[in-house]
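Coordinates in review
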Amino acid sequence: MDPGTGAFSEEQFREACAELQRPALSGAAWELLVETQGISVYRLLDQQTGLYAYKVFGVLEDCLPDLLADVYMDLAYRKQWDQYVKELYEKECSGETVVYWQVKYPFPMSNRDYVYVRQRQELDFEGQKVHVILAQSTSEPQFPEKSGVIRVKHYKQRLAIQSDGKKGSKVFMYYFDNPGGQIPSWVINWAAKNQSRKMEAQDERAILWLSVNSNPPR
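Please read all numbers here as calculations on a predicted model, not as lab measurements.

Across its full length, the protein chain carries 5 helices and 10 strands. Of all 218 residues assigned to the protein chain, the portion counted as buried reaches 48%. Considering only intrachain contacts with a sequence separation of at least 6, the fraction spanning at least 24 residues in the protein chain is 61%. Accessible surface, the protein chain: about 11,000 Å² in total, of which carbon and sulfur atoms supply 49%.

Before going further, it helps to examine unusual backbone geometry. For the peptide bond that leads from Phe-107 to Pro-108, omega is 15°, which places it in the cis range. Residue Glu-126 is not a glycine yet carries a positive backbone phi of 55°. Examined against the element boundaries, Glu-126 turns out to sit in the loop between β6 (111–125) and β7 (128–137). You can call Glu-126 exposed: its relative accessible area is 52%.

Moving on, we come to helix α2 (residues 65–73). For an α-helix the count is 3.6 residues per turn, leaving residues at separations of three or four pointing the same way. Buried within α2 are the following residues: Pro-65, Leu-68, Ala-69 and Tyr-72. Projection of α2 onto a plane perpendicular to its axis shows the buried side chains occupying an angular sector of 95°, all on one side.

Across the 8 residues that make up strand β5 (residues 96–103), a large majority, 7, are buried. Looking at chain direction, strand β4 (residues 85–93) and β5 are connected through 8 bridges and run antiparallel. Counted as the bridge partner of Glu-87 is Gln-102 from β5. Taking the residues that link successive antiparallel strands as the turn, the β4-β5 hairpin has 2 residues, and the phi of Ser-94 there is positive, at about 55°. Across 6 bridges, β5 lies against β6 in antiparallel orientation. By the bridge assignment, Trp-101 is partnered in β6 with Tyr-114.

On to the pattern of salt bridges, then. Close approach of charged atoms allows side chains with opposite charge to pair. This model, assessed by the stated rule, comprises 12 salt bridges. Of the charged contacts, one joins Arg-78 and Asp-82 as a salt bridge, the two residues approaching to 2.8 Å between their closest N and O atoms. When salt bridges that share partners are traced, they join Asp-66, Asp-70, Arg-120, Glu-122 and Lys-129 into one network.

What counts, and where the lines are drawn
Along each chain, numbering runs from 1 in the same order as the chain's sequence is written. Where totals are concerned, whole chains, interfaces and linings use all residues; where local detail is concerned, this predicted model gives features only for residues with pLDDT of at least 70, and gives and counts side-chain atom pairs only at 80 or more. Processing note: side-chain calculations cover all non-hydrogen atoms of the structure and skip hydrogens and water entirely. Under the DSSP-based scheme used, a helix requires at least four consecutive residues in state H or I and a strand at least two consecutive residues in state E, with every element numbered from the N terminus. We call a residue buried when its accessible area falls under 20% of the maximum for its residue type, exposed when it is over 50%, and partly exposed in between, using a 1.4 Å probe and counting protein chains only. In this description, contact between two residues means that some pair of their heavy atoms is separated by no more than 4.5 Å. Computed by Shrake-Rupley with a 1.4 Å probe, the accessible areas treat only the displayed protein chains as cover when residues are assessed. Think of the arc as the fan of directions from the helix axis to the C-beta atoms. Two strands form a pair only when DSSP identifies at least two bridges running between them. Any Lys or Arg side-chain nitrogen found within 4 Å of a carboxyl oxygen on Asp or Glu counts as a salt bridge.

Read these as spatial facts, not as claims about activity.
Below, the structure written as structure tokens:
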């Protein structure tokens with residue numbers, strides 16, 4: 001496993017907690033993309049790749065934090081509802097849990113696959129119980145690249161969840177990936193923006209679930 005990519009520091013977990021409490025949108029050109037039914041989606045252009053990173057803030061009024069975090073971590077359940085999953089499983093490597101995820105892309109594009117490490121912690125932050133899940137791409141010899149499948153080598157996600165003080169969840173998510181291959185960055189960004197616009201017609205659970213979990217072909 002590449003040094004520094006297979007483990008997360010305590011500071012990284014606490015940074016996610018802090019952003020859940022106080023969104024860090026100043027000092028950078030974060031653009032509000034969608035705001036609907038209690039969910040706000042922001043994006044920031046990555047100058048190096050020409051792609052966007054995304055931040056999602058919101059409240060789910062009828063979903064408890066423990067349940068939301070458990071469902072998010074449940075790979076077996078994801079394979080039931082996500083039509084784009086080709087392969088999805090996890091394996092212990094060098095003391096870390098590593099996830100392999102292959103995503104189906106429409107013809108004539110090649111499928112993409114991800115190899116990433118993820119960790120979950122429950123923290124006491126400013127008197128609040130917060131679930132934090134961190135994930136980012138890594139490299140492991142147990143997961144060699146496959147012929148005809150493009151490996152996504154730049155993927156990062158942060159998720160923080162706490163109670164909204166009632167029966168719901170307050171949530172923060174950061175997401176970035178670069179699907180690689182020969183897809184122009186403007187096509188990828190257009191598809192991601194179009195996906196966000198479609199969220200406006202969904203209920204709030206679908207909005208957050210798509211934002212946090214969906215990685216449809218683009």
